[in-house]
Amino acid sequence: GAGVSQSPSNKVTEKGKDVELRCDPISGHTALYWYRQRLGQGLEFLIYFQGNSAPDKSGLPSDRFSAERTGESVSTLTIQRTQQEDSAVYLCASSKGRKNTGELFFGEGSRLTVL
Amino acid sequence: AQRVTQPEKLLSVFKGAPVELKCNYSYSGSPELFWYVQYSRQRLQLLLRHISRESIKGFTADLNKGETSFHLKKPFAQEEDSAMYYCALKSNTGKLIFGQGTTLQVKP
């Protein structure tokens, strides 16, 4: 599979639990992005990595949200003490090269439901 | 503030009719703008970017700096154009800022 891979595809959790969402970018892509899409709304930027550093994490909504990336590979988005308003589809995207051309390759998303 | 606005949540047209999906932006400096599309049960993907001045699947978009707009147009809509369309702006930190999206419904 050459595309961006995300897991799990679906996650149902109880309020207050922690969740981890994983993203495997396309091999060789140096940049990795996390977005959130709540029902009926647009894509909300969360954080972006260039390599394993995060030049822009301005979109993380609270300190319950964190993300890390290993080298130019896998990234994990962690949400601690989940709340119902965290329910959304979490999209990961990657792009190649250090200069962002604007062409992002998206995964299929992880749908999170917090009960 | 850097922002993208897509004023229409839903646009419904008949097959063969012209289509214009509106996008307005707020950005100081020279913007880089894009249109992304998500067909049913597919991933979000790049449709076109303004710097390429390309036409993809019959769609074009012209950057109008005076009106701060980047509307997506197609002269004759096809049923397979039915999808969700997002306008996006590259910010000064490199991330893409997306609009709320417009669902295009092309009726037979």
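Novice: Quick rundown of the overall build of chain B? Include the residues and the values.
Specialist: A tally of helices and strands in chain B yields zero helices and eleven strands. Counted from the first residue to the last, chain B has its helices and strands arranged as β-β-β-β-β-β-β-β-β-β-β. For 108 residues, the compact-globule formula gives about 13 Å, and the C-alpha radius of gyration of chain B, at 13 Å, lands near that figure. Dimensions of chain B, computed from C-alpha atoms along their principal axes, come out at roughly 40 × 30 × 25 Å. Relative to its 108 residues, chain B shows a buried fraction of 44%. Partitioning the intrachain contacts of chain B with sequence separation of at least 6 by distance along the chain shows that 57% fall at a separation of at least 24. In the form shown here, chain B has an accessible surface area of approximately 5,500 Å², with 49% of it arising from carbon and sulfur atoms. The positive charge centre, built from 15 side chains, and the negative charge centre, built from 9, are 6 Å apart in chain B.

Novice: Could you give me a rundown of the state of the cysteines, with the residues and numbers involved?
Specialist: Residue and element names in this part refer to chain A. Applying the stated criterion to the full structure yields two disulfides over all chains. The disulfide bridge from Cys23 ends at Cys92, spanning 1.9 Å between sulfur atoms. Across the S-S bond of Cys23 and Cys92 the torsion is about -70°, and the bridge reads as left-handed. Of the two residues, Cys23 sits in strand S3 (residues 19-24) while Cys92 sits in strand S9 (residues 88-95), which places them 69 residues apart along the sequence. Judged on exposure class, the residue Cys23 and its partner Cys92 are both buried.

Novice: Tell me about the packing of aromatic side chains, residues and numbers included.
Specialist: The full count for this structure, using the stated rule, is nine aromatic pairs over all chains. Aromatic pair Phe59(B) and Tyr85(B): ring centres 5.6 Å apart, planes at 45°, arrangement tilted. One end of the pair, Phe59(B), is in the loop between strand S6 (45-49) and strand S7 (60-61); the other, Tyr85(B), is in strand S9 (residues 83-90), with 26 residues separating them in the sequence. Taking the relative accessible area as the measure of exposure, Phe59(B) reaches 0% and is therefore buried. What makes Tyr85(B) buried here is its relative accessible area of 0%. Connected via pairs of aromatic rings, a cluster forms that spans Tyr35(A), Phe45(A), Phe106(A), Tyr36(B), Tyr86(B) and Phe98(B). Its guanidinium or amino end placed over the ring of Phe14(B), Lys107(B) lies 4.5 Å from that ring's centre, counting from NZ or CZ.

Novice: A description of the interface of chain A and chain B should follow, citing residues and the corresponding values.
Specialist: Contacts between the two partners involve 22 residues from chain A, matched on the other side by 16 residues from chain B. Taken over both partners, the interface formed by chain A and chain B buries close to 1,700 Å², and the fraction arising from carbon and sulfur atoms is 45%. Our count for the chain A to chain B interface comes out at two salt bridges. For Asp56(A), the salt bridge identified is with Lys95(B), shortest N-O distance 3.2 Å.

Novice: Give a detailed account of the sheet that holds S7(B), specifying residues and quantitative values.
Specialist: Residues and elements named next belong to chain B. Strand order in the open sheet made by the three strands is S3-S8-S7, with antiparallel pairing throughout. Looking along the sheet, the strands with just one partner apiece sit at the ends: strand S3 (19-21) and S7. With three bridges connecting them, S3 and strand S8 (residues 72-74) associate as antiparallel partners. Each residue of the ladder has a partner; that of Glu20, found in S8, is Lys73.

Novice: How would you sum up the nonpolar core? Please name residues and give values.
Specialist: Trp35(B), Leu47(B), Leu48(B), Phe70(B), Leu72(B) and Tyr85(B) are the most contacted members of the largest nonpolar core, which totals 25 residues. Elements with a contribution of two residues or more to this core: strand S2 (10-14), S3, strand S5 (33-38), S6, S9 and strand S11 (102-107) of chain B. Here this core takes four residues from S9(B), the largest share from any one element. Counting 19 residues, the second largest nonpolar core, distinct from the first, contains Ala31(A), Phe45(A), Leu91(A) and Leu104(A).

Rules behind the numbers
Residues numbered from 1 in each chain as written. Chains lettered and ligands numbered in written order. Predicted model: local features only at pLDDT ≥ 70, side-chain atom pairs only at ≥ 80, totals over all residues. Heavy atoms only, no water. Helix = DSSP H or I, 4+ residues; strand = E, 2+ residues; numbered from the N terminus. Rg over C-alpha atoms; globule rule 2.2 N^0.38 Å. Buried < 20%, exposed > 50% of the residue type's maximum accessible area, 1.4 Å probe, protein only. Contact = heavy atoms within 4.5 Å. Areas by Shrake-Rupley, 256 points an atom, 1.4 Å probe, with all protein chains shown as cover. Lys, Arg positive; Asp, Glu negative; His and termini not counted. Charge placed at Lys NZ, Arg CZ, Asp CG, Glu CD. Disulfide = S-S within 2.5 Å. Phe/Tyr/Trp six-rings, centres within 6.5 Å; stacked < 30°, edge-to-face > 60°. Lys NZ or Arg CZ within 6 Å of the ring centre and 35° of its normal. Buried area = accessible area lost by both parts, 1.4 Å probe. Salt bridge = Lys/Arg side-chain N within 4 Å of Asp/Glu carboxyl O. Pairing = 2+ DSSP bridges. Core = buried A, V, L, I, M, F, W, Y, C linked by side-chain atoms within 4.5 Å.

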